[in-house]
Every structure is written in C-alpha cells, then in structure tokens.
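Each chain is listed here by its residues.
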Amino acid sequence: MLMASCGLMPPEPKHLYAGPPRPAEQLATLSEGARGWIHVVAVDGQPVVDPVLGAARLTQGLLVPAGVRTVKVRYMNFDNYTLGTTGAKLTLATSEAVLEVNAAAGHSYVLRGQRRGDKYDFWFDDKGKLYNQACLSDEMYSRKYLRKEAVSDC
C-alpha cells in the first residue's frame, strides 16, 4: 500500500544547488522528458541517479543555476542478456555521454536522443523561457511527443 501511494504523488522538481530556494526565473530546468530509455546521471558531478531505478525518476525536472552545466547522460539498453544458468537478466548501458548545456535563466531543456545502431546521440531541446512546467512530467511529455496526442498548453 505504501508503494502504491508513492506512485500517486505528483512529480516535484529536484533542486541541484546549495542554499535557500531561488525564484524560478533565476534557474534553468533540465528534464528527462518521457524518460523512456535515456536518463540524466549527474549534473556538474552531482549524481541524480536513483541506485535502484537507475534514473532520476518522479521528478518534474532538475533545477540548476543558470550558466554552463556539465551533464552526464545515459542510454539504458534493456535487451535480455542471460547470466549463467539462473536465467537472471542484466541491464546494460550501451551509451553514455557528457554534454555541456549553456543553461539560460528561466529556460527549460528536455533531454532527447536517437539510437544509431548500438549507440545513442544525445542533445537537449531548449523549450525557451516560461515553458509550462507541467508539460515536463512523464505523463504529459509522453502523451505529446511519444503518442502524438494534442495536449493543451504544452
């Protein structure tokens, strides 16, 4: 029951800076978008990966100070690799990269990627200033960009 109730909690932004809360217009938001197979692993050397899930799940973006940010990203390949005779499956990261993002105050950036063979190309889409932060949730981003549904205000 506890596990089910955690799934009902709305995603919140994760603050990746020290000190007191800052106004949104002073920060940039990095988002994993639909979070399908690509994830932000660390920002400026600060890990954001959940050790169990392997990704920064249940966030509505990673809030960072404006400026050049170094972002480590990963593509997780969930192909079925069998280990030994137990039939256990292994999840392999087939591609990692370090990107520099010149994060402008008030802007939202969504991680995107494209598979090319067994590797991935990564980039961040700049959604501009005052982008609707509700559109950064996994559900809304999946509806708009993966399922191509009309989503108001996104």
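Described in the following lines is the structure provided in the data block. The model shown is predicted, which means the values in this text are computed figures rather than measured ones.

## Digging into the overall build of the chain
When helices and strands are tallied, the chain shows two helices and nine strands. Seen in sequence order, the chain has helices and strands lined up from the N terminus as α-β-β-β-β-β-β-β-β-β-α. When the accessible surface of the chain is totalled, it reaches about 9000 Å², and 56% of it is carbon and sulfur.

## A word on the nonpolar core
The tendency in soluble globular proteins is for nonpolar side chains to be buried side by side. Formed by 20 residues in total, the largest nonpolar core has its most connected members in Leu 30, Val 40 and Phe 124. Contacts of Leu 30, omitting those with residues within four sequence positions, involve Val 43, Gly 61, Leu 62, Val 64, Val 71, Val 101, Tyr 109 and Phe 124. Of all hydrophobic cores here, the second largest spans six residues; its members include Tyr 131, Leu 136, Val 151 and Cys 154.

## With respect to the pattern of salt bridges
All told, the structure shown has four salt bridges when counted by the stated rule. A salt bridge links Glu 96 to Arg 74, with the nearest nitrogen and oxygen atoms 2.7 Å apart. Of this pair, Glu 96 sits in strand E7 (residues 88-103) while Arg 74 sits in strand E6 (residues 67-83), and the two are 22 residues apart along the sequence. Between Asp 125 and Arg 112 there is a salt bridge, with the nearest N and O atoms lying 3.1 Å from each other. With Asp 125 in strand E9 (residues 119-129) and Arg 112 in strand E8 (residues 107-116), this residue pair connects regions lying 13 residues apart in the sequence. You can call Arg 112 partly exposed: its relative accessible area is 28%. What you see here is one network of salt bridges that share partners, running through Lys 72, Arg 74 and Glu 96.

## A few points about the pairing of strand E3 (residues 38-43)
Both faces of the sheet carry side chains from a regular strand, because those side chains alternate between them. Taken across its six residues, E3 has six buried, putting it largely inside the fold. Where E3 meets strand E4 (residues 46-47), two bridges bridge the pair, whose relative direction is antiparallel. Note that in E4 the partner of Val 43 across the bridge is Gln 46. Counting the residues in the hairpin turn of E3 and E4 gives two residues, including Asp 44, whose phi is positive at 50 degrees.

## Description of the environment of Val 43
One can find Val 43 in strand E3. For the pair formed by Val 43 and Lys 72, sequence separation is 29 residues and the distance between their alpha carbons is 6.4 Å. Sequence-distant contacts of Val 43, defined by excluding residues within four places in its chain, comprise Leu 16, Leu 30, Leu 62, Val 64, Arg 69, Thr 70 and Val 71.

## Digging into the pairing of E8
Note that strand E2 (residues 27-31) and E8 share three bridges and pair parallel. Bridge assignment links Ser 31 to a residue of E8, and that residue is Val 110. Judged from the nine bridges that link them, E8 and E9 form a sheet pairing that is antiparallel. Within E9, the position partnered with Arg 112 by the bridge is Trp 123.

Parameters at a glance
Residues numbered from 1 in each chain as written. Predicted model: local features only at pLDDT ≥ 70, side-chain atom pairs only at ≥ 80, totals over all residues. Heavy atoms only, no water. Helix = DSSP H or I, 4+ residues; strand = E, 2+ residues; numbered from the N terminus. Areas by Shrake-Rupley, 256 points an atom, 1.4 Å probe, with all protein chains shown as cover. Core = buried A, V, L, I, M, F, W, Y, C linked by side-chain atoms within 4.5 Å. Buried < 20%, exposed > 50% of the residue type's maximum accessible area, 1.4 Å probe, protein only. Contact = heavy atoms within 4.5 Å. Salt bridge = Lys/Arg side-chain N within 4 Å of Asp/Glu carboxyl O. Pairing = 2+ DSSP bridges.

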